[in-house]
Amino acid sequence: MIVFDLECRAGGHRFEGWFASSEDFAGQQARGLVTCPVCGAPEVDKALSAPRLTRKGNQLPAAPSAPRPDVPQPVANGPLPPEAVAMLKAVAAVQSEMLKSST
Ligand SMILES: [Zn+2]
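Rules used throughout
Residues numbered from 1 in each chain as written. Predicted model: local features only at pLDDT ≥ 70, side-chain atom pairs only at ≥ 80, totals over all residues. Helix = DSSP H or I, 4+ residues; strand = E, 2+ residues; numbered from the N terminus. Contact = placed C-beta atoms within 7 Å. Core = buried A, V, L, I, M, F, W, Y, C linked by C-beta atoms within 7 Å. Buried ≥ 20, exposed ≤ 12 C-beta atoms within 10 Å, placed from the backbone. Expected span 1.5 Å × (residues − 1). Pairing = 2+ DSSP bridges.

**Student:** Is there a simple way to explain the overall build of the protein in this structure?
**Tutor:** Within the protein, the regular secondary structure consists of 2 helices and 4 strands. Counting from the amino terminus, helix and strand elements in the protein follow one another as β-β-α-β-β-α. Intrachain contacts of the protein at a sequence separation of at least 6 include 54% that bridge at least 24 residues.

See the structure below:
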């Protein structure tokens, strides 16, 4: 669908007209099917403004380019969580035990 800003020649009334295409408007205009909703005059011209393409209602907006929140962010120089500290201590303890028994 396409929306045209239309203007009636007789009274200068501005209104919007919805058409399948620019050719559809031209065809309806040529057959006198486009009339002013205010005064009913069939002499209607496109007003001087760019046509706007309409978006289908079920169309989703373009995906935002913002970073996804579920992507893990690398933690640099941050304090380690307690469980990580405990795990590292356990690993260190195991390593030291292994070092003791290694020759
Ligand atoms: Zn009019």
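**Student:** For this particular structure, what's the right way to read the nonpolar core?
**Tutor:** Looking at soluble globular proteins, one finds that nonpolar side chains tend to be buried together. Core analysis: the largest hydrophobic core is formed by 7 residues, namely Phe4, Leu6, Cys8, Phe25, Val34, Cys36 and Val44. Top contributing element to this core by residue count: strand β1 (residues 2–8), with 3 residues. The residues contacting Cys8, other than those within four sequence positions of it, are His13, Cys36, Val38, Cys39, Ala41, Glu43 and Val44.

**Student:** What's the story with helix α2 (residues 82–101) in this structure? I'm lost.
**Tutor:** An α-helical segment advances 3.6 residues per turn. Residues three or four places apart therefore align on the same side. Given a rise of 1.5 Å per residue, 20 residues ought to cover 28 Å, and the 29 Å separating the end C-alpha atoms of α2 matches this to within 8%. Little of α2 sits out of view: just 0 of its 20 residues are buried.

**Student:** Help me understand the pairing of β1 in this model?
**Tutor:** If a strand is regular, its side chains alternate between the two faces of the sheet. Pairing of β1 with strand β2 (residues 14–19), which is carried by 6 bridges, proceeds in the antiparallel orientation. By the bridge assignment, Glu7 is partnered in β2 with Arg14. Note: β1 against strand β3 (residues 44–46), 3 bridges, orientation antiparallel. Within β3, the residue paired with Cys8 across the bridge is Val44.

**Student:** Please explain the environment of Met1 as it appears in this structure.
**Tutor:** Secondary-structure assignment places Met1 in the segment before β1. Assessed through the 12 C-beta atoms surrounding it within 10 Å, Met1 is described here as exposed. With 17 residues separating them along the chain, Met1 and Trp18 place their C-alpha atoms 6.7 Å apart.

What is shown is where atoms sit, not what they do.
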